[in-house]
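What follows is the residue order along each chain.
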Amino acid sequence: DAGITQSPRHKVTETGTPVTLRCHQTENHRYMYWYRQDPGHGLRLIHYSYGVKDTDKGEVSDGYSVSRSKTEDFLLTLESATSSQTSVYFCAISGQGQETQYFGPGTRLLVL
Amino acid sequence: DAKTTQPNSMESNEEEPVHLPCNHSTISGTDYIHWYRQLPSQGPEYVIHGLTSNVNNRMASLAIAEDRKSSTLILHRATLRDAAVYYCILRDVSRTYKYIFGTGTRLKVLA
């Protein structure tokens, strides 16, 4: 299994508070991604990174920011959490050939 | 972006073959066909991918129509552990970040 961990695995927070989710990899892969998964929508790409300090928006990036200061860590921040951001968040990585994405175990976030 | 269409759900008996269909009538020449599956309470995992020719690996086989407008994921002997949501995804190699996940096919395996 690819070495991907996500923390925290579960979080409950209140509307308006900032939240940061962490994705950590031990594979030295160049590309990292954040997705959210909601019933009826499958997985949707939030942001992705193609290298240290190189990030770009996905299809549902509003309300989210990301940072990647080193290869192994990709942080997803909700500046001011809203109830619509209640979801399961998955991190994924892929290597230079980019043929396959490997997914982390997910973080379940509940915004009250 | 090219889209895929899959049945919402399918059922199979244990130890029988399963054919999971996917339609992608607007596929472009640079789109690879990927299949992932998601077991309950886990992240998606890679199953197989191909471009034009049929592909086999230890998990499954991928049959691609000659016109590439449809494909079929074949599980040769379904087990209870194969119960999952299966996603058929097109990935444009010129935009390598672009995975469009649909809602997939929920496969139920009956003992």
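Please refer to the structure higher up on the page.
Residues numbered from 1 in each chain as written. Chains lettered and ligands numbered in written order. Predicted model: local features only at pLDDT ≥ 70, side-chain atom pairs only at ≥ 80, totals over all residues. Heavy atoms only, no water.

Caption draft 1: Layout of the overall build of chain A. A tally of helices and strands in chain A yields 0 helices and 11 strands. Reading the secondary structure of chain A in the N-to-C direction produces β-β-β-β-β-β-β-β-β-β-β. In terms of overall dimensions, chain A is globule-like: its C-alpha atoms have a radius of gyration of 13 Å, near the 13 Å expected for 112 residues. For the C-alpha atoms alone, the extent of chain A along its principal axes is close to 40 × 25 × 25 Å. A total of 112 residues make up chain A; the buried ones form 49% of that total. Contacts spanning at least 24 positions in sequence make up 55% of the contacts within chain A whose residues lie at least 6 apart. Counting only carbon and sulfur atoms, one obtains 48% of the accessible surface of chain A, whose full area is about 5,200 Å². Here chain A carries 11 positive and 12 negative side-chain charges, and the mean point of each set is 4 Å from the other. (Helix = DSSP H or I, 4+ residues; strand = E, 2+ residues; numbered from the N terminus. Rg over C-alpha atoms; globule rule 2.2 N^0.38 Å. Buried < 20%, exposed > 50% of the residue type's maximum accessible area, 1.4 Å probe, protein only. Contact = heavy atoms within 4.5 Å. Areas by Shrake-Rupley, 256 points an atom, 1.4 Å probe, with all protein chains shown as cover. Lys, Arg positive; Asp, Glu negative; His and termini not counted. Charge placed at Lys NZ, Arg CZ, Asp CG, Glu CD.)

Caption draft 2: Quick peek at the packing of aromatic side chains. Under the defined criterion, the tally for this structure stands at 11 aromatic pairs over all chains. Where tyrosine 35 of chain A meets phenylalanine 103 of chain A, the ring centres are 5.5 Å apart and the plane angle is 40°; that geometry is what we call tilted. You can see tyrosine 35 of chain A sitting in strand E4 (residues 31-38) and its partner phenylalanine 103 of chain A sitting in strand E10 (residues 102-103), a full 68 residues away along the chain. Phenylalanine 103 of chain A carries the same exposure label as tyrosine 35 of chain A, and that label is buried. A network of ring pairs unites the aromatic residues Tyr33, Tyr35, Tyr48, Tyr50 and Phe103 of chain A together with Tyr36, Tyr46, Tyr87 and Phe101 of chain B as a single cluster. (Phe/Tyr/Trp six-rings, centres within 6.5 Å; stacked < 30°, edge-to-face > 60°.)

Caption draft 3: Representation of the sheet that holds strand E4 (residues 45-50) of chain B in the model. Residue and element names in this part refer to chain B. One open sheet accounts for 5 strands, arranged E1-E9-E8-E3-E4; its pairing is mixed. This sheet does not close on itself; its edge strands, each paired only once, are strand E1 (9-13) and E4. Neighbouring strand axes in the sheet, compared pairwise and without regard to direction, differ in orientation by 25° on average. Alignment of strand E3 (residues 31-38) against strand E8 (residues 84-92), held across 8 bridges, turns out to be antiparallel. Within E8, the position partnered with tryptophan 35 by the bridge is cysteine 88. (Pairing = 2+ DSSP bridges. Axes fitted to C-alpha atoms, helices over the stretch in contact; angles between N-to-C directions.)

Geometric values such as these leave the question of function open.
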